[in-house]
Protein chains: 2
Amino acid sequence: MTRPTEEPDIDTRPWCRDHRGRDYSFNDFLKQVESFHGYSAPGVVIGAKMVDIAMKRMPSGVLFDAICESSKCLPDAVQLLTPCTSGNGWLRVVPLGRYALTLYDKQTGQGLRVYLDPARTDPFPETRYWFFGVKPKRKDKSDLLIQEIHLAQDRLYGVQKVRVKPEFLSKEPSAPRAICPECGEAYPAGHGPTCRGCRLEASYFFLQEKTK
Amino acid sequence: MTRPTEEPDIDTRPWCRDHRGRDYSFNDFLKQVESFHGYSAPGVVIGAKMVDIAMKRMPSGVLFDAICESSKCLPDAVQLLTPCTSGNGWLRVVPLGRYALTLYDKQTGQGLRVYLDPARTDPFPETRYWFFGVKPKRKDKSDLLIQEIHLAQDRLYGVQKVRVKPEFLSKEPSAPRAICPECGEAYPAGHGPTCRGCRLEASYFFLQEKTK
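In this text the structure is predicted, and so the values were computed from the model without any measurement.

What counts as what
- Residues numbered from 1 in each chain as written.
- Chains lettered and ligands numbered in written order.
- Predicted model: local features only at pLDDT ≥ 70, side-chain atom pairs only at ≥ 80, totals over all residues.
- Heavy atoms only, no water.
- Contact = heavy atoms within 4.5 Å.
- Buried area = accessible area lost by both parts, 1.4 Å probe.
- Salt bridge = Lys/Arg side-chain N within 4 Å of Asp/Glu carboxyl O.
- Polar contact = N/O pair within 3.5 Å; in protein donor to acceptor, adjacent residues only side chain to side chain.
- Nonpolar A, V, L, I, M, F, W, Y, C, P; charged D, E, K, R; others polar.
- Least-squares fit on C-alpha atoms with pLDDT ≥ 70 in both.
- Buried < 20%, exposed > 50% of the residue type's maximum accessible area, 1.4 Å probe, protein only.
- Helix = DSSP H or I, 4+ residues; strand = E, 2+ residues; numbered from the N terminus.

Draft legend 1. The interface of chain B and chain A, seen in detail. Counting residues at the interface gives 72 residues for chain B, matched by 72 residues for chain A. Here chain B packs against chain A, burying approximately 6200 Å² in sum over the two surfaces, 54% of which is carbon and sulfur. As a salt-bridge pair, Glu185 of chain A and Arg113 of chain B come within 2.7 Å of each other at their nearest N and O atoms. Linking chain B with chain A are 24 residue pairs in polar contact (both at pLDDT 80 or more). Considering only residue class, the side of chain B that touches chain A consists of 34 nonpolar, 19 polar and 19 charged.

This is how it looks when you write it as structure tokens:
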């Protein structure tokens, strides 16, 4: 008599591939999302498919930068699968509120923009509800949503060829720093006679005087 | 006759601890930085010590959010060591150009701000040169800089108690989306009659019409 074996995953096709060439099954990628993002957010799972679509169409060996047009979830998909992070300057997040990302050759600006296309969500009602925010988030439905995203594969997304303007291709050079006469901290001298923090701070983050 | 063994690391004291309680030796953390950030950037190594200082002073069990006052390197230190990422909304990057980060209780706003203090860099010339950007980056000096950062331990940093204003504590609620009449993509309805992308795009990222 043989022991019953565990049932294999229904679908072990890779969901996405990272820049090192590692393929992730859908379930493996969910675990990565939980670990980095804190929970298996549908937006990161969708974002990963978008990155995957763009990266597979980029000519091999091209050094690319990334733009996310939403600060929600997409930056984490980019950070999990590409060399671009929000701290190394290769990922730019611009909060336009559109569910789109672009990977582009950092020399020429030629790239691919992938977006979640509302017109393609009709056959996928849970995704549509989630995307349009017309129903309150329901925990009991989140499995259904994740399954639907999986089922849809690459059918939710549009792809466009784009060329990023030259002014976005050059890096801001490291600027010399000055000491701010108000806070005593260093800041890019080009920002003016005091640092942006001191100019904004009274109306910004902190409620009370900072205490050492 | 015994084979010569590899020389052990001179200093295996932990450089930093992540939010799961895992300690990283200095060399182990350098490897993490190379893997995530692309190269062992001094700014991420410094940022990790800053996160470590703040996190160790936070009351245990507090759910915290993070603010980085520079987009350079610091966000990656936060993302490597805390649950806060740029895609999950728990990390806010505000490009004030100051080398400072804050971790704060997301309920009360009470937190700790850690900054690289120019006044404390005097005994550490390589760090001072790097921080003030007064010398061009020299590859042959980067080992010396990394060693000096290691040697300095926590002596480069100032710590302040802060309280973040209530308006930064509440999350932006998910807004219903509308279809932009210009691009046909979805965007937060509250942004106006067309999406921010279409209002900005002519003068923004892309040089030419997007082609499908």
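From this point, things continue past the structure.
Draft legend 2. Quick look at the relation of the copies chain B and chain A. Expressed as a screw transformation, the operator carrying chain B onto chain A has a rotation angle of 180° and an axial translation of 0.0 Å, and the superposed copies differ by an RMSD of 0.0 Å. Those values place the two copies in the arrangement expected of a two-fold rotation axis. Looking at the rotation axis and the C-alpha trace of chain B, the residue lying nearest is Ser86 of chain B, at 3.6 Å. Counting the interface residues of chain B, we find that 100% of their copies in chain A are interface residues as well, pointing to one common contact surface.

Draft legend 3. Structural detail: helix α3 (residues 74-81) of chain A. Of all 8 residues in α3 of chain A, 8 are buried, a share of seventy percent or more. Those residues of α3 of chain A that fall on the buried side of the exposure criterion are Leu74, Pro75, Asp76, Ala77, Val78, Gln79, Leu80 and Leu81 of chain A.

Coordinates in, geometry out; function isn't part of it.
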